[in-house]
Amino acid sequence: MTSSLSVTGYEEFKNILNNYGKDKRIFLLFSGSKDDQGNSWCPDCVVAEKPVHETVKSSLPSNGIFIECSVGDRASWKSPKSPFRTDSQLRLTNIPTLLEWGTAKRLTESQLLDIGMIKILFEED
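Residues numbered from 1 in each chain as written. Predicted model: local features only at pLDDT ≥ 70, side-chain atom pairs only at ≥ 80, totals over all residues. Heavy atoms only, no water.

### Things to note about the environment of L121
Now for step 1: Inspection of the secondary structure puts L121 in helix α5 (residues 115–122).
Now for step 2: Put simply, L121 and E100 are 21 residues apart on the chain and 7.7 Å apart in space, counted from C-alpha to C-alpha.
Now for step 3: Apart from the residues lying within four places of it in its own chain, the contact partners of L121 are R25, F27, L98, E100, K105, R106 and L107. (Helix = DSSP H or I, 4+ residues; strand = E, 2+ residues; numbered from the N terminus. Contact = heavy atoms within 4.5 Å.)

Set out below in structure tokens:
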């Protein structure tokens, strides 16, 4: 399986997690959906995309999987009933958010502009 992939929506997100065993470290980037030109409606997501992708290319652990997950359009994301907000394992409050699944490691918004912080998130405890 590839070490980097994209999913759209909550159901795809939950389904893809079942494909990986405990031997993999799963890193998830949550961002706003993109239009036909590949641009997100979320300006912070657009700005964070380059430093995150560059760091993934250079520093993703060998046992790491990077999954970019679209939370949907602005209205879907802003709804208090968004499953990305209500899921007890996620409880997202901001996008973009980069996290390691199953841990407390999480970076949001402007933290994702700092390549050093992203590299620290990728390090083993």
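### Points about the pattern of salt bridges
Now for step 1: Tallied over the entire structure, the rule returns seven salt bridges.
Now for step 2: With a closest N to O distance of 3.1 Å, K34 and E49 form a salt bridge. On the criterion of sequence distance, the pair formed by K34 in the loop between β2 (25–31) and α2 (43–59) and E49 in helix α2 is long-range, its members being 15 residues apart.
Now for step 3: Using a relative accessible area of 39% as the deciding quantity, one classes K34 as partly exposed.
Now for step 4: For E100, the salt bridge goes to K105, with nearest N and O atoms at 3.6 Å. The two residues E100 and K105 agree in class, both being buried.
Now for step 5: A cluster of three or more residues bridged by salt bridges with shared partners is formed by R25, E100, K105 and E124. (Salt bridge = Lys/Arg side-chain N within 4 Å of Asp/Glu carboxyl O. Buried < 20%, exposed > 50% of the residue type's maximum accessible area, 1.4 Å probe, protein only.)

### Some thoughts on the nonpolar core
Now for step 1: Counting 23 residues, the largest nonpolar core has F13, L28, F30, I67, F84, L90 and W101 as its most contacted members.
Now for step 2: Among the elements of the structure, β1 (4–8), α1 (9–17), β2 and β3 (64–70) are those that each provide at least two residues to this core.
Now for step 3: Those residues in contact with W101 that sit more than four places away from it in its chain are F13, K14, L17, I26, L28, Q89 and L90.
Now for step 4: If you look at the next biggest cluster of nonpolar residues, it comprises 13 residues, including L98, L107, L112 and L121. (Core = buried A, V, L, I, M, F, W, Y, C linked by side-chain atoms within 4.5 Å.)

### Looking at a nonpolar patch on the surface
Now for step 1: A cluster of nonpolar side chains, V46, V47 and L113, forms an exposed patch at the surface whose accessible area comes to about 250 Å².
Now for step 2: With respect to the element layout, V47 can be found in helix α2. (Patch = residues over 30% accessible without salt bridge, like charges linked within 9 Å, V, L, I, M, F, W, Y side chains within 5 Å. Areas by Shrake-Rupley, 256 points an atom, 1.4 Å probe, with all protein chains shown as cover.)

### Concerning α5
Now for step 1: Within the span of α5, buried status applies to I118, L121 and F122. One side of α5 holds all its buried residues, which, seen down the axis, span an arc of 100°.
Now for step 2: The elements touched by buried residues of α5 are β2, α2, β4 (97–100) and β5 (106–108).
Now for step 3: Measuring from the side-chain oxygen of the N-cap residue of α5 to the backbone nitrogen of G116 gives 2.9 Å; that N-cap residue is D114. (Arc of directions from axis to C-beta. Polar contact = N/O pair within 3.5 Å; in protein donor to acceptor, adjacent residues only side chain to side chain.)

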